[in-house]
Amino acid sequence: MYGLVNRALQEFICTHHGEASWAAIRITAGVELEFFVRMESYPDDITYRLVGAACESLCIEPATLLRNFGRHWVLFTGQEGYGSLLDGAGSSLQEILTNLDDLHVRVGLMYPALKPPSFSCSDVREDGLTLHYFSERPGLAPMVMGLIEGLGERFGKTVTIRHSCDRNAGADHDSFDIRIA
Ligand code: 1DX
């Protein structure tokens with residue numbers, strides 16, 4: 001994944017647990033790089049190892065860490081110059097979730113090593129929708145739940161999410177029933 005993701009993780013851990021904690025996690029993960037270049041592509045393995053080491057060292061469940069990291073990603077990218085990318089994708093939660101593939105096409109034009117997941121929406125209503133999530137990367141459904149919550153915060157909405165189809169439980173893809181209030 002692009003360095004931007006590892007940077008976001010670094011900032012997330014440093015903010016909540018401190019620099020020393022991050023340094024220890026980096027070593028436990030066997031990551032010798034001192035820092036990540038935002039626009040450079042790194043093996044996914046690095047990100048997974050950092051998440052694994054962070055969970056172990058901080059005694060947090062991976063699902064919990066990934067969910068909070070998903071929320072942080074929306075905040076972080078908003079601050080790192082990608083706010084207009086998010087704004088351009090829609091002016092409501094429903095619209096932005098519907099346009100996520102277009103958003104990733106736009107980023108992918110500039111950064112061809114991007115391996116974006118794919119999203120589609122069904123049963124779109126005033127008070128909610130179902131989001132379908134397809135990814136080459138395993139285990140990141142909890143992060144997607146956090147991403148949805150982060151977008152909800154961005155729009156000042158309260159979201160309630162039910163993980164209605166779970167690839168870990170044998171479904172062919174993940175889906176989330178989202179209520180928006
Ligand atoms: F609901 O892969 C809201 O590297 C959502 O299954 C979901 O393959 C917002 F560094 C610039 C750059 C670069 C901008 F400069 C990424 F190149 C992308 C900014 C998306 C904002 C996907 C990141 C693929 C890297 C992936 C979870 C889970 C998608 C992360 C969240 C808005 C983004 O993001 C999976 C990669 C951006 C950029 C957004 C993503 C890669 C998302 C969302 N993804 C790189």
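Below: a short report on this structure. (Residues numbered from 1 in each chain as written. Predicted model: local features only at pLDDT ≥ 70, side-chain atom pairs only at ≥ 80, totals over all residues. Heavy atoms only, no water.)

## Details of the overall build of the protein chain
Next, step 1: The secondary structure content of the protein chain amounts to seven helices and four strands.
Next, step 2: For the protein chain, the succession of helices and strands along the chain, N to C, is α-α-α-α-α-α-β-β-α-β-β.
Next, step 3: Since a compact globule built from 181 residues should have a radius of gyration of about 16 Å, the 16 Å found for the protein chain is in line with a globular shape.
Next, step 4: Principal-axis analysis of the C-alpha atoms gives the protein chain an extent of 45 × 35 × 30 Å.
Next, step 5: The 181 residues of the protein chain split such that 45% are buried.
Next, step 6: Of note, the protein chain has its 15 positive side-chain charges centred 2 Å away from the centre of its 24 negative side-chain charges. (Helix = DSSP H or I, 4+ residues; strand = E, 2+ residues; numbered from the N terminus. Rg over C-alpha atoms; globule rule 2.2 N^0.38 Å. Buried < 20%, exposed > 50% of the residue type's maximum accessible area, 1.4 Å probe, protein only. Lys, Arg positive; Asp, Glu negative; His and termini not counted. Charge placed at Lys NZ, Arg CZ, Asp CG, Glu CD.)

## Topic: the nonpolar core
Next, step 1: In this structure, Ile 13, Leu 50, Leu 97, Phe 176 and Ile 178 are the most contacted members of the largest nonpolar core, which totals 54 residues.
Next, step 2: Each residue touching Ile 178, except ones within four places of it in the same chain, is listed here: Leu 97, Arg 125, Asp 127, Gly 128, Leu 129, Leu 131, Ile 148, Val 159 and Thr 160. (Core = buried A, V, L, I, M, F, W, Y, C linked by side-chain atoms within 4.5 Å. Contact = heavy atoms within 4.5 Å.)

## Considering the side chain of Thr 47
Next, step 1: Structurally, the position occupied by Thr 47 is in helix H3 (residues 44-58).
Next, step 2: Relative accessible area serves as the criterion here: at 5%, Thr 47 is assigned to the buried category.
Next, step 3: Setting aside chain neighbours within four positions, we find Thr 47 in contact with Met 1, Val 5, Asn 6 and Leu 9.

## Points about the site of the ligand
Next, step 1: Every one of the 25 residues lining the ligand counts as a neighbour, but Tyr 2, Lys 115, Tyr 133, Ser 135 and Arg 137 are closest to it.
Next, step 2: Lys 115 places a main-chain nitrogen or oxygen 2.8 Å from an oxygen atom of the ligand.
Next, step 3: Tyr 133 places a side-chain nitrogen or oxygen 2.5 Å from an oxygen atom of the ligand.
Next, step 4: Against a free-state accessible area of 840 Å², the protein chains account for coverage of 99% of the ligand.
Next, step 5: Every element with two or more residues in the shell around the ligand is listed here: helix H1 (3-17), helix H4 (62-88), helix H6 (100-110) and helix H7 (141-154).
Next, step 6: Residue classes in the shell around the ligand are distributed as 19 nonpolar, three polar and three charged. (Near = heavy atom within 4 Å. Polar contact = N/O pair within 3.5 Å; in protein donor to acceptor, adjacent residues only side chain to side chain. Areas by Shrake-Rupley, 256 points an atom, 1.4 Å probe, with all protein chains shown as cover. Nonpolar A, V, L, I, M, F, W, Y, C, P; charged D, E, K, R; others polar.)

## Quick notes on the side chain of Thr 77
Next, step 1: Along the chain, the position of Thr 77 falls in helix H4.
Next, step 2: A polar contact of 3.4 Å, which involves the side chain of Thr 77, links it to the backbone oxygen of Val 74.
Next, step 3: Excluding anything up to four places from it in sequence, Thr 77 contacts Leu 4, Tyr 82, Gly 83 and Leu 86.

## Observations concerning the environment of Leu 86
Next, step 1: Tracing the backbone shows Leu 86 in helix H4.
Next, step 2: Classification of Leu 86 by relative accessible area gives buried; the value is 11%.
Next, step 3: Along the backbone, Leu 86 and Ile 96 are 10 residues apart, and their C-alpha atoms lie at a distance of 7.4 Å.
Next, step 4: Beyond its immediate chain neighbours, meaning those up to four positions away, Leu 86 contacts Val 74, Thr 77, Ile 96, Leu 103 and Arg 154.

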